[in-house]
Amino acid sequence: MPPSTGQPSSRSSSRPIHIVYLLDDQSPTPPLAQSHTCARVSTVAFRRRPSTGESPSETSTKLDAPLEPREANPAERMTPRVFIVRHGETEWSLSGKHTGRTDIPLTANGEKRILATGRALVGDDRLIVPRKLAHVYVSPRKRAQRTFELLNLAHAGELPWKRHGDTPSHGLECGAGVEVTEDIREWDYGAYEGITSPEIRKTRKDQGYQGTWDIWRDGCPGGESPEQITQRLDRLIAEIREKWHKPVIGRKEAGNGDVLIVAHGHILRAFAMRWVGKTLQDGPTFLLDTGGVGTLSYEHENIEEPAIILGGGFVVDIPEHGVQQAQ
């Protein structure tokens, strides 16, 4: 999928999107949380024990202050998430060509950037915790499969495809099952496969089409319509919620429920819209760069309140003796 170059379309909203903010102890309540009327916003503040001379209402930000014991926020540990990862850079993504069914590899730079993403975001104290993954869905296209291979995850069993290259031997152990599914392959661009957005606009103008082309509304001639995309994504979302999330959501010691999806730009943006119940025609416009990572979950530990996490904090347990040694 190419970078988004079209004009934004006018879209209405009939159902609010739930937005979850995870804030550290220095972060003020965002303006959106104070004034937004179309979304319910939850904030989670992490506080430290006030130091000597501070009033009880003040929060110490000194690193040498002992940590105040607190009850863990259930949303931090017991609300399952879906991580959506777009494949790394390809020659066609660089040039802006629509890449649906065409199977092309990552560039050398694309592989390097995915390796860096894996080191930065995968780990016991990172965004994606391998031991918390219950299942992995991967597109049938090799650019997505190669991206998974480079994500700093060491899969214990055989992958459901022949590996597309060498992988680092120091990946973190992941016991989740890995499944290839057509439901998360890229949008079939039909007649627009392999051409850029400016070329599509010129072609449509020559064919007598009026207005700006919007894939979310118009689909692709000879390819897939928004309704067809919605059908297959809704099927996958229903499976994730029923099979992986319902058994664990809101329960302590219920096991792992995070899901990882490695796929493509347009289909993952559509997945995010359908996750929160938005139609592709009316939902908000999202962007997802090559190698980009997004996070979806639920608000209030309620599977009926799907949410998009705009920003999440990294929660790390700091042993008390480690803090004392730092003093």
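Since we're looking at a predicted model, the values are computed, not measured.

## Observations regarding the overall build of the protein chain
Link 1 in the chain: Helix and strand counts for the protein chain come out as 10 helices and 10 strands.
Link 2 in the chain: Residue burial in the protein chain is summarised as follows: out of 327 residues, 45% are buried.
Link 3 in the chain: The long-range share in the protein chain, meaning contacts at least 24 apart out of those at least 6 apart in sequence, stands at 69%.
Link 4 in the chain: Here the protein chain has roughly 16800 Å² of accessible surface; of this, 48% comes from carbon and sulfur atoms.

## Remarks on the UniProt feature "binding site: substrate" (unreviewed entry) in the protein chain
Link 1 in the chain: This chain's UniProt record puts "binding site: substrate" (unreviewed entry) on Thr99, Gly100 and Arg143. Spatially, the listed residues are clustered: although they cover 45 residues, their C-alpha atoms lie within 11.1 Å of one another.
Link 2 in the chain: Inspection of the secondary structure puts Thr99 in the loop between helix H3 (91-95) and helix H4 (108-121).
Link 3 in the chain: Tracing the backbone through its elements, the reader meets Gly100 in the loop between H3 and H4.
Link 4 in the chain: Contacts of Gly100, omitting those with residues within four sequence positions, involve Arg141, Arg143, Glu186, Trp187, Tyr189 and Glu193.

## Observations concerning the nonpolar core
Link 1 in the chain: Judged by nonpolar contacts, the single largest core of 37 residues is most densely connected at Val82, Ile184, Ile240, Ile261, Phe271 and Trp275.
Link 2 in the chain: Those elements that place two or more of their residues in this core are strand S3 (82-86), strand S4 (133-138), helix H7 (215-218), helix H8 (226-245), strand S8 (258-263), helix H9 (265-275) and strand S9 (293-298).
Link 3 in the chain: Looking at this core element by element, the count peaks at seven residues for H9.
Link 4 in the chain: Setting aside residues no more than four positions away along its own chain, Val82 makes contact with Ile240, His245, Val259, Ile261, Phe271, Trp275, Gly294, Thr295 and Leu296.
Link 5 in the chain: Val85, Leu150, Leu151 and Trp161 belong to the second-largest nonpolar core, a separate cluster that totals 22 residues.

## Considerations on the environment of Glu182
Link 1 in the chain: Along the chain, Glu182 falls in the loop between strand S7 (177-180) and helix H6 (197-206).
Link 2 in the chain: Spatially, the C-alpha atoms of Glu182 and Arg232 are 8.5 Å apart, while their sequence positions differ by 50 residues.
Link 3 in the chain: Not counting residues up to four positions away in its chain, the partners in contact with Glu182 are Pro140 and Arg232.

## Comments concerning the packing of H8 against H9
Link 1 in the chain: In the contact formed by H8 and H9, the axes pass within 10 Å of each other and the chain directions differ by 65 degrees. H9 is crossed by H8, and the crossing has right-handed handedness. Touching Ile229, Thr230, Arg232, Leu233, Asp234, Leu236, Ile237, Ile240, Arg241 and His245 of H8 are Ile267, Ala270, Phe271, Arg274 and Trp275, all from H9.
Link 2 in the chain: Across the contact of H8 with H9, the residue classes tally to nine nonpolar, two polar and four charged.

## Thoughts on H9
Link 1 in the chain: Extensive coverage of H9 is indicated by the burial of 11 of its 11 residues.
Link 2 in the chain: Among all positions in H9, only Gly265, His266, Ile267, Leu268, Arg269, Ala270, Phe271, Ala272, Met273, Arg274 and Trp275 are buried.
Link 3 in the chain: On its buried face, H9 is in contact with S3, H7, H8, S8, S9 and strand S10 (306-311).
Link 4 in the chain: Just beyond H9, the residue with positive phi is Gly277, at close to 80 degrees.

The rules we used
- Residues numbered from 1 in each chain as written.
- Predicted model: local features only at pLDDT ≥ 70, side-chain atom pairs only at ≥ 80, totals over all residues.
- Heavy atoms only, no water.
- Helix = DSSP H or I, 4+ residues; strand = E, 2+ residues; numbered from the N terminus.
- Buried < 20%, exposed > 50% of the residue type's maximum accessible area, 1.4 Å probe, protein only.
- Contact = heavy atoms within 4.5 Å.
- Areas by Shrake-Rupley, 256 points an atom, 1.4 Å probe, with all protein chains shown as cover.
- UniProt positions renumbered as here; feature names shortened; annotations may be inferred.
- Core = buried A, V, L, I, M, F, W, Y, C linked by side-chain atoms within 4.5 Å.
- Axes fitted to C-alpha atoms, helices over the stretch in contact; angles between N-to-C directions.
- Left-handed = near helix turned anticlockwise from the far one by under 90°.
- Nonpolar A, V, L, I, M, F, W, Y, C, P; charged D, E, K, R; others polar.

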